[in-house]
Structure formats: C-alpha cells, structure tokens
Amino acid sequence: MKATVRLTLPDGSVKEMPVGTPARAIAEAVSPRLAKAAVAAAVNGEVWDLNRPILGDATVEIITDDDPRALDVLRHSTAHVLATAVRQLLPDANIGFGPAIADGFYYDFEVARPFTPEDLERIEERMREVAQRGHEFVREEVSRDEARERFLDDPLKLERLEELGDDEVISVYSDGGFVDLCRGPHVQSTDRIKHFKLLHAAGAYWRGDSSRQMLQRIYGTAWFKQADLDAHLRRLEEAEKRDHRTLGKQLDLFSIHEDVGPGLILWHPKGATIQFELKRFIEDELLRRRYDLVYTPHVTREQLFFRSGHLPLYEDHQFPAMAAGEGESQEFHYRVKPMNCPMHTLVYASRQRSYRDLPVRLAEVANVYRNELSGTLHGLLRVRGLSMDDAHIFCREDQIEDEIFDLIDLTDLVLHRTFGFEYRIDLSTRPAKKIGSDDMWDVAEAALRGALERMGLTYGIDEGGGAFYGPKIDVQLRDAIGREWQGATIQLDYQLPERFELEYTGADNRPHRPVMIHRAILGTVERFVGCLIEHFAGAFPLWLAPEQVRVIPISEDQKQVAHAIDERLRARGLRSSVDDRNETLNYRVRDGELVKVPYMAVVGRREVEQGSVAVRVRGASKKQAIMSVDEFEERAVRQVRDRSLSLE
RNA sequence: GCUGACGUAGCUCAAUUGGCAGAGCAGCUGAUUUGUAAUCAGCAGGUUAAGGGUUCGAGUCCCUUCGUCAGCUCCA
C-alpha cells in the first residue's frame, strides 16, 4: 500500500502527503491565514470535513468562510448545536432532521409539548454555551448494526437508517455528547459558531407527510460575521415593512372579508386601478403579438372536466358540484372552473382548422376558483379566487421553437424590461411517468432548448421535473430585496389535444394533431400585484400608481386654479385629484407622501401669477421644481407612455 | 386539512390577581388661510369575532364555530 497520496490544489500544484492527511493540514501548510479562514474542503468536488483523512489521490480545494458552500456547513453545524442544546434541556426529545436551508437551518423534534417563545430563548442561551465550549465535531463511520445500537432510543433516526442502501457509508457525528446520524460535513469545532439566532418554531409533519406524526420544528439563521447576521435580520425587517398585506391596508388597495370568505379578494378602487393597468398592458402586448382574446364562462357542466382529466384527479382543488336549476334535467352537475384550458380547447375545436391557421393563440385574463387548503392561504399570494393571465397556443410541432422564443421574449419584456426584475429560468424535462413517445419528447425538449439558446439565455435543468403531459419552462423572478417568486410558466401539452381530439388539416390534406402550449406570464394577477407591492414597497411607477398627481392649493385663493389644473391633467388621461381640504400645507404634503403619490403639484400665489406649479416628487423632500403646467403635463404623460420606472 | 399562537373603535395598540372598556391616528363640526412630512378646539365612534358555559361579576377562565398569523403539504 502506498504511503503517500498526490493532492492537486486549485492552482495546479501537487502536494505529496502521507495517506490520511486531512485537508486542514494542507491549509496550514499553505498559510496560517488560509487555515484560519478554512471551514471545509472540496475533495474531488465533494464537500468534506477539514479533519477527514484523505486516503487516495485527489483534488483538494480549501473552502473558506466567504464561500457560499461554507455557509451551508456552518448552518448545518448550528442545527446540530441546536439539537445538542435541546437534548440537554429535554433529554427525552426525539430528533428528526436538521438540515441547512436557504438563509439558515432548522431542526425537527418530537417533544411532549410545542416550544414557546420562552423555550426558544432558553434554548438559544444554551446553544451559546455549547458553542463556546468548543466541542470538536467528530466523524465516525459505523456499521449498520452499530448505528442501530447507537440510535436505539431514536425511532425517527432508526427509520431513516433502515432506508439507507447497503452500499452507502453510514456516518455518525458527535459534538459534546450529542450524537446524530448525519452525512456531514461540519465545521471543526462548535466554537466556530458565533453569530446565530433562533427565529421561530412551528409544527411540521415527519417526512412532510400529513398522515404521520407532527414534530416541532425550530428555525434559525447563522452567519460567519455579526455584520452579516445583522444585515440578514434587517432584511427580514425590511421584508416585513414591505408586506403586501400591511401595505394593501395602508394604501387602501384591497381587503378580504370574512363574510365573503377566505382567499377571496375585494379589490378597492386603488387596487383595481393597478390591476386594470396591468391587464391593459398585457392585453395590448398580446394583441400586438397576434393573440386573440376570448371570454369563457366561470361555471360549466362538470363533464367538461371529466373529459379533460381534471376530475377526479384535481377534485380536491375544485369547489363541490352544484345541482342544475329546478325544472331542468338533473343529469348535469355544474362546477366553478379552476382552469381555462378545456374551454379554450373547445373554442379551437369549434371549427375546422387548416395548417395555415396555426398557431392559434387564445388568451383570456380569466377568473378561476380553486379550493386551496385553508392553511395555505396568504394575502394575495395564495388565494382561492384568482385571475390568470392565461393563454393557450395551438401549433404544429415545427412551430414550437418559434412560439417558445416569442414567449421568452414576452416574459423578458414584461418582467425585466417593464418591471426591472431579474429572473432565473429552469427547463424541466421528461419524468419517469409520462405519456407520449420518446420521439415526441425529444422534439419537444429540443424545441424548448433551441429557443432558450437562440435567446442566448443561461438556464438550469430540472431533469425529470416536467409534467407527465409535457416539458415546461419555469421562470423565478427576483425582487428588489433579493427574494425569489414563481413568475411565468410555459408548458407543452400533448395530452389535452389527445383527449379533445383536436385536429388541423395539413398540407397533405390529412388530419393532424396540434400541440398545445399553456402559458402564464404574470402567473396570476393577484400574486403578481402582491409581488409588485412588495417589490416597489408600495411606491409604484407613475403608470401603475392609482393616484398619479395630487394638486394642492396653498390657500383658498388658489382653489379654482388648482381645480382647473386637475381638469387639464384628467383630460390628458392622468389620474389626478385636488386636495383642497382645510388643513395646513404640511399636513397635506405628509398625507400625500404617506400614500406614496408620485407627484404633488403645489399651487400658491406665485404659481398662479406665473401659470406654473411647484412639483414635489415622491420621496424627494425639499427639492421641488417650479415648471409651467404645460411642461409638467408633458413630462407626466411621457413617463406614463414609456412606463418609466423612475420619476423625474 | 393538520399543529401552535392570536382576534378589543375604520387603523395601530392599552386595560394589574376576574372588578366602571381606554389612548393616538383616521372621521365629523367649528376656528384658523396655511410655501413642502402632523394648527387648535369640540363631537362622535364598541353586543371586546360569533355562540354557549363557569362566576355575585368575564375583554380576561372553559367549550364550540368563524377568521387571522407562523409553519407542514401542494402549487400559480
């Protein structure tokens, strides 16, 4: 057996080291500085503990605390410290899973009673003690029998253990008396863990299965630097301030009333204005791109959804059936529609189609209703009554790529060029359980890829993540404070054309089956408006702002002129109003700022004499610009037309 | 749907061990005529989510229902 191993470092240099040398030794050999910053190592690309002996030739890269992979290690280790502390305080607690997640970690426990906020404080305090003690994280590889022995009192761990394959290495990590079945890796010692905070506790089903017992999950966050932790906590606060439910109330955009029902939105005039502008923008764009608008009923005989296959598969998400009216045949039951595709399919099938007619693009910003679980409802982001910016494209296989290309362009226009979102694209390919031949899938996936590449876009691939009826493209958008939201979705469908026997006559005078593309660019109007509220923190760009201009006469003497200016702005299509309430100027300016009116046009004695207005731009206090009414009017109209994101 | 927490005026929040339901803002009325983030005074506003129970007495304790929130799950 060789006594040394050849370790290749990222700079290409090769170090000859004794077998079993840990990555830590390499870091120390390079520089004390590197050793200090080192958190873990990538050995042949796999993240390892610094202390884990390297037994064969390998590439080794030291992962330092500024590497994103290091944060996962730190957070995972913090989760172990959490479990260590909980076990010390509650020795009977059974442990579930405790992984690192985006921005933090959690750990699941099976305990006699749920954790209270006071419990969290006590646990966090104990965590600090554990961390400060500097327990080594010790990794051991054990046999299955030995592992069974060790986790005799941990039924949840035993269950996981039995699922591990025979060829898998079973590793166990311990720190300060706490032992966990765990793949690792971990930081070297608990004293590396300094900057963390427990955030909240909530119930979570074991293995995410609602038929299994409920565990108590504790969430937390951990960082290498105090400044990073502080910044993260500030981000959470900022997100809370932007919460669309709070802003929706403050800005009088929408409400949800108990008597109407949960998940059903009452759009107030100001919120409705935003929706109106959004729909107008989208529909104008669709017409330009040769879509046709359609309108279809909100209620239908349920046989339609049996034919489409939604029933009984999707029944849990549909509202219950309604009987037909008295005196009518009771043979048919009706359903409120949860989707539009079957109806659009019928519009397609309402007459013969030639290959020359394709693609047929049918669009409808449609209200649909889905009976979502009560516990999942959340403001505008998850609702039961929603308006999809839905469309279905019926095309030939050779047209798929061009259609997808156009859809991605549309997505970029809407999300990026219009609203300034950055976004990320994922392509989901064929799942194990699918319909259609492999040839069909080859064509479909190649078309999606081709369009993405023609666009010059980078995208991720979710292998096997497609729907059973076709591959899809999902777009995740990133908002002003870095959060990701589900944006557009584009799905190919070979199933519905089959079920509804859709056809077109080809150049060969033979019947052919079209392909169907389902797509939503905004997702749903409700969710998108919610996202916009948080993205802009309620300060909408001029074209979307429910109230664009507020004209404020300083005293009664300017009242008439103010109303005349308001009339002029209204005549140009601007949403203007006059605040001539009997209040001080300061009061009225403050009021306008609080509801985030983009422009306040103040009219005093000087302005009346000059035919001008003193324009105050939202958020820019004390820097008013005096300009003629004409100039202001042109400026505002131009910005609305351009859908400008900033005010000038 | 499940687990836990919560529900007081339009909004934000008080109310001691069970002991007279209160404040600020918003609203209304009046005075004031205002030069860029809150002028002053007065008035009005409540079946304490709904229903039931315990008690001399319930916003407060117990039960049921509805709703909200944090998650689980699922998705757009």
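Computed from a prediction, not measured in an experiment: that's the story for all the values here.

S.K.: What is the right way to look at empty space enclosed by the protein in this model?
M.R.: Counted by the stated rule, this structure contains three cavities of 30 Å³ or more. Considered as a void within the structure, the largest cavity measures approximately 100 Å³ in volume. Around the largest cavity sit Leu251, Leu253, Lys270, Gly538, Phe540, Ala545, Pro546, Glu547, Val595, Lys596, Val597 and Pro598, which together line it. Of the residues assigned to the lining of the largest cavity, the class counts are eight nonpolar, one polar and three charged.

S.K.: Explain the protein's contact with RNA strand B here, please?
M.R.: Around RNA strand B lies a shell of 55 residues, among which Arg382, Arg527, Glu556, Asn582 and Glu607 are the nearest. Each atom of RNA strand B within 4 Å of the protein belongs either to a base or to sugar and phosphate, the latter forming 49%. Interatomic distance of 3.1 Å between a side-chain N/O atom of arginine 245 and a phosphate oxygen of RNA strand B. Here a phosphate oxygen of RNA strand B and a side-chain polar atom of lysine 249 are 3.4 Å apart. Those elements that provide at least two residues to the surface near RNA strand B are strand 14 (195-205), strand 15 (214-223), helix 8 (244-250), strand 27 (484-493), helix 18 (585-594), helix 19 (605-610) and strand 34 (612-617). Broken down by element, the residue count for the surface near RNA strand B peaks at seven residues, all from helix 18. Tallied by class, residues from the surface near RNA strand B come to 18 nonpolar, 19 polar and 18 charged.

S.K.: Explanation requested: the sheet that holds strand 12 (residues 170-175) in the structure shown.
M.R.: Backbone hydrogen bonds hold the strands of a sheet together, and the pairing may be parallel or antiparallel. Pairing in this open sheet of three strands is antiparallel, and the strands run 11-12-13 from one edge to the other. With one partner strand each, in any of the chains shown, strand 11 (138-142) and strand 13 (178-181) form the two edges of the open sheet. Averaged over all pairs of adjacent strands, the angle between their axes in this sheet comes to 25 degrees, without regard to strand direction. Taken together, the four bridges between strand 12 and strand 13 define a ladder with antiparallel strand orientation. Note that in strand 13 the partner of tyrosine 173 across the bridge is aspartate 180. Where helix 3 (residues 68-89) meets the sheet, its contacts fall on strand 12 and strand 13, and the angle it forms with strand 13 comes to roughly 130 degrees.

S.K.: Would you take a moment to explain the pattern of salt bridges for this structure?
M.R.: It is possible for side chains of opposite charge to pair when their charged atoms get near one another. Applying the stated criterion across every chain yields a total of 66 salt bridges. A salt bridge links aspartate 442 to arginine 430; its shortest N-O distance comes to 2.7 Å. Taken as a pair, aspartate 442 in helix 14 (residues 438-454) and arginine 430 in the loop between strand 24 (422-428) and helix 14 lie far apart in primary sequence, twelve residues in all. Beyond isolated ion pairs, a larger network of salt bridges with shared partners links Glu285, Arg288, Arg289, Asp406, Asp409, Asp412 and Arg417.

S.K.: I would appreciate a short explanation of the packing of helix 9 (residues 269-288) against helix 16 (residues 525-535) in the present structure.
M.R.: If you want to describe how two helices pack, look at the angle between their axes and the distance between the axes. One way to put it is that helix 9 packs onto helix 16 with a least axis distance of 11 Å and a crossing angle of 110 degrees. Relative to helix 16, the element helix 9 is oriented roughly perpendicular. The way helix 9 lies across helix 16 gives a crossing that is right-handed. Packed against helix 9, whose contacting residues are Ile274, Gln275 and Leu278, the element helix 16 presents Val525, Phe528, Val529 and Leu532 at the interface.

S.K.: Looking at this structure, how should I read the domain arrangement of chain A?
M.R.: Interfaces are often described in size by the accessible area the parts lose on coming together. What the domain assignment reports for chain A is domain 1 (4-64), domain 2 (69-241), domain 3 (266-298 + 336-535) and domain 4 (549-641). Inter-centroid distance (C-alpha atoms) of domain 2 to domain 3 is 40 Å.

S.K.: Just checking my understanding: could you explain the nonpolar core for this structure?
M.R.: Buried together is how nonpolar side chains tend to be arranged in soluble globular proteins. Of all hydrophobic cores here, the largest spans 62 residues; its most connected members are Leu278, Ile404 and Phe419. At eight residues, helix 13 (residues 400-418) tops the list of elements feeding residues into this core. In contact with phenylalanine 419, other than residues within four places in its own chain, are Leu278, Phe281, Val414, Phe528, Leu532, His535, Phe536, Trp543, Leu544 and Leu645. Among the nonpolar cores identified, the runner-up in size contains 36 residues, and Leu71, Phe137, Ile193 and Leu229 belong to it.

S.K.: When you look at the side chain of arginine 353 in this model, what are you seeing that I'm missing?
M.R.: Tracing the chain through its elements places arginine 353 in the loop between helix 12 (341-349) and strand 22 (360-369). Put simply, arginine 353 is tucked away with no salt bridge, and the nearest opposite charge, on aspartate 357, sits 5.2 Å away. Here valine 347 takes part through its backbone oxygen, which lies 3.2 Å from a polar atom of the side chain of arginine 353.

S.K.: In this structure, what is going on with the side chain of arginine 289? I would like to understand it.
M.R.: Following the sequence through the fold, arginine 289 ends up in the loop between helix 9 and strand 18 (292-293). Judged by its relative accessible area of 14%, arginine 289 is buried. A polar contact of 3.0 Å, which involves the side chain of arginine 289, links it to the side chain of aspartate 409. Sequence-distant contacts of arginine 289, defined by excluding residues within four places in its chain, comprise Arg361, Asp406, Asp409, Leu410 and Leu413.

Cut-off values and rules
Along each chain, residue indices are assigned from 1 in the same order as the chain's sequence is written. Following the order in which they are written, the chains are lettered starting with A and the ligands numbered starting with 1. Per-residue local features are limited, in this predicted model, to residues with pLDDT of at least 70; the limit for side-chain atom pairs, both in listing and counting, is 80 or more; totals at the level of whole chains, interfaces and linings are taken over all residues. Only hydrogens and water are set aside; all other atoms, that is, all heavy atoms of the structure, feed into the side-chain values. Residues are said to line a cavity or pocket when one of their atoms sits within 4 Å of a point; the points come from a 1 Å grid over protein atoms alone, cavities being sets where a 1.4 Å probe fits but cannot get out and pockets being open sets with protein on both sides within 12 Å along at least five of seven lines. Grid points are joined across faces, edges and corners, and a volume is the space filled by probe spheres set on the points. Think of it as three bins: nonpolar holds Ala, Val, Leu, Ile, Met, Phe, Trp, Tyr, Cys and Pro, charged holds Asp, Glu, Lys and Arg, and polar takes everything else, Gly as well. Definition of nearness: a residue and a molecule or strand are near each other if at least one heavy atom of the residue lies within 4 Å of the molecule or strand. Two N or O atoms count as a polar contact when they lie within 3.5 Å, although within protein this holds only if one can serve as hydrogen donor and the other as acceptor, and sequence-adjacent residues are included solely when both atoms are side-chain atoms. Helix and strand definitions here come from DSSP, where helices need a minimum of 4 consecutive H or I residues and strands a minimum of 2 consecutive E residues; each element is numbered from the N-terminal end. Strands were regarded as paired on the criterion that DSSP finds at least two bridges between them. Here an axis means a line fitted to C-alpha atoms, over the contact stretch when the element is a helix, while the angle between two N-to-C directions is reported on a 0 to 180 degree scale. A contact between two residues is defined here by any heavy atoms of the two lying within 4.5 Å. Only one rule defines a salt bridge in this text: a Lys or Arg side-chain nitrogen within 4 Å of an Asp or Glu carboxyl oxygen. Orientation categories follow fixed angle ranges, with anything under 35 degrees roughly parallel, anything over 145 roughly antiparallel, 65 to 115 roughly perpendicular, and all other angles oblique. By definition, any crossing whose near helix is turned counterclockwise from its far helix by less than a right angle is left-handed, and any crossing with a clockwise turn is right-handed. Reported domain spans reflect what an automatic or database domain assignment gives. Buried Ala, Val, Leu, Ile, Met, Phe, Trp, Tyr and Cys residues form a nonpolar core when they are joined through side-chain atoms within 4.5 Å. Three labels apply to residues, based on accessible area from a 1.4 Å probe with only protein chains included: buried if under 20% of the type maximum, exposed if over 50%, partly exposed otherwise in between. We score Asp and Glu as negative and Lys and Arg as positive, and we do not count His or the chain ends.

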